[in-house]
Amino acid sequence: MNRPLVALLSGAGISTDSGIPDYRGPAGLWRRDPEAEKLVTYAYYMDDPEIRRRSWRMRRANRALRPEPNAAHRAVAELERSGVPVRVITQNVDGLHQLAGMPERKVLELHGSAHGVVCTRCHARSRMEDALARVDAGEDDPPCLECGGILKSATVMFGEALDPVVLGEAVAITKACQVFIAVGSSLQVQPAAGLVGVAADHGARLTIVNAEPTPYDDLADEVVREPIGTALPKLLAHLSA
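Residues numbered from 1 in each chain as written. Predicted model: local features only at pLDDT ≥ 70, side-chain atom pairs only at ≥ 80, totals over all residues. Heavy atoms only, no water.

**Focus on the overall build of the protein**
Reasoning step 1: Broken down by element type, the protein carries nine helices and nine strands.
Reasoning step 2: What you see for the protein is a C-alpha radius of gyration of 18 Å, in line with the 18 Å of a compact globule of 241 residues.
Reasoning step 3: Along the three orthogonal principal directions, the C-alpha set of the protein runs to about 55 × 35 × 30 Å.
Reasoning step 4: Each of the 241 residues in the protein was classed as buried or not, and the buried ones make up 46%.
Reasoning step 5: Contacts in the protein between residues at least 24 apart in sequence constitute 64% of all its contacts with a sequence separation of at least 6.
Reasoning step 6: Summed over its atoms, the accessible surface of the protein is roughly 11,800 Å², and 52% of this surface lies on carbon and sulfur atoms.
Reasoning step 7: Taking the 27 positively charged and 31 negatively charged side chains of the protein as two groups, their mean positions are separated by 2 Å. (Helix = DSSP H or I, 4+ residues; strand = E, 2+ residues; numbered from the N terminus. Rg over C-alpha atoms; globule rule 2.2 N^0.38 Å. Buried < 20%, exposed > 50% of the residue type's maximum accessible area, 1.4 Å probe, protein only. Contact = heavy atoms within 4.5 Å. Areas by Shrake-Rupley, 256 points an atom, 1.4 Å probe, with all protein chains shown as cover. Lys, Arg positive; Asp, Glu negative; His and termini not counted. Charge placed at Lys NZ, Arg CZ, Asp CG, Glu CD.)

Next up, the structure:
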């Protein structure tokens, strides 16, 4: 029996049960502290050393959280292990899908990874842990060790374009899938949100799991407002059956 290809688009809401705050929800970080958005906006980051210093302090604080995968992440990995073909397209940079057991090759990180660092001048890459060790040692804005350029996390900041290769793979998976589940995303950030429309246009069964209404709810075959930690495992268990 051929099992349907399941594509899952995950946003910040899937990780809130792991202690990672979302950004655009009713209690989201941007609503509580609009200035915080500057810390992840490329132009501000490159132009203002104080923004960079605050960004490094934020990364250091985030490291201390040491988030673990929650029931929703584990349910996705369990679906994949059950033999259902699953591909995760995530807007998150936390790596929790992989930590829960999803194979690296089956997770597309649209917005990059917070576990790496990249130089904005020479594009050398290194581990976030190594950069944070330098911050711990007193460097409040550590430069690139290769060329002295400005370092940033290996995430896509506001004002930066997504990796066209990763985006292309995400579009191909979206067009090919028979089931598309958008979970924990406000579906306001393009081009990631546009994948929902692509899925609907190509005949996929579309389910949206999110606490708040999204611009794409009218396209969905099913909209679920229950908490993600209970709703998604229930939904995916039905698929694996």
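**Description of the environment of His-111**
Reasoning step 1: Summarising the element assignment, His-111 is placed in the loop between β3 (107–109) and β4 (112–119).
Reasoning step 2: Taking C-alpha positions, His-111 is 19 Å from Gly-197, a pair spaced 86 residues apart along the chain.
Reasoning step 3: Dropping the residues within four chain positions of it, His-111 is found in contact with Thr-90, Gln-91, Val-93, Ala-154, Thr-155, Val-156, Leu-162 and Val-189.

**Details of the pairing of strand β8 (residues 205–209)**
Each regular strand carries side chains that alternate between the two faces of the sheet.
Reasoning step 1: Burial analysis of β8 places four of its five residues in the buried class, which makes it a mostly covered element.
Reasoning step 2: Across five bridges, the pairing between strand β7 (residues 179–183) and β8 is parallel. By the bridge assignment, Phe-180 is partnered in β8 with Leu-206.
Reasoning step 3: In the classification by handedness, the crossover that spans β7, the intervening helix α8 (residues 194–201) and the parallel β8 is right-handed.
Reasoning step 4: Relative to strand β9 (residues 222–224), β8 runs parallel, the two sharing three bridges. Within the sheet, the bridge partner assigned to Val-209 lies in β9 and is Val-224. (Pairing = 2+ DSSP bridges. Right-handed = clockwise from strand over helix to strand, strands pointing away.)

**Things to note about the layout of surface pockets**
Reasoning step 1: If you add up the space inside the second largest pocket, you get close to 440 Å³.
Reasoning step 2: Gly-112, Arg-125, Ala-154, Val-156 and Asp-163 are the residues nearest the centre of the second largest pocket, which is lined by 20 residues in total.
Reasoning step 3: Elements with a contribution of two residues or more to the lining of the second largest pocket: β3, β4 and β6 (151–155).
Reasoning step 4: Examining the composition of the lining of the second largest pocket, we find that four residues originate from one element, β4, more than from any other.
Reasoning step 5: A breakdown of the residues in the lining of the second largest pocket according to their chemical character gives 10 nonpolar, five polar and five charged. (1 Å grid on protein atoms, 1.4 Å probe; cavity = no way out; pocket = protein on both sides within 12 Å on 5 of 7 lines; lining within 4 Å. Points joined across faces, edges and corners; volume = space filled by probe spheres on them. Nonpolar A, V, L, I, M, F, W, Y, C, P; charged D, E, K, R; others polar.)

**Side note on unusual backbone geometry**
Reasoning step 1: Put simply, Gln-190 and Pro-191 share a cis peptide bond, and its omega is 5°.
Reasoning step 2: Take Pro-191: it is sitting in the loop between β7 and α8.
Reasoning step 3: In this structure, His-123 is a non-glycine residue whose phi angle is positive, near 65°.
Reasoning step 4: As for its position among the elements, His-123 is in the loop between β4 and β5 (125–127).
Reasoning step 5: Judged by relative accessible area, His-123 falls into the exposed class, the value being 55%.
Reasoning step 6: Phi is positive for Leu-187, close to 55°, though the residue is something other than glycine.

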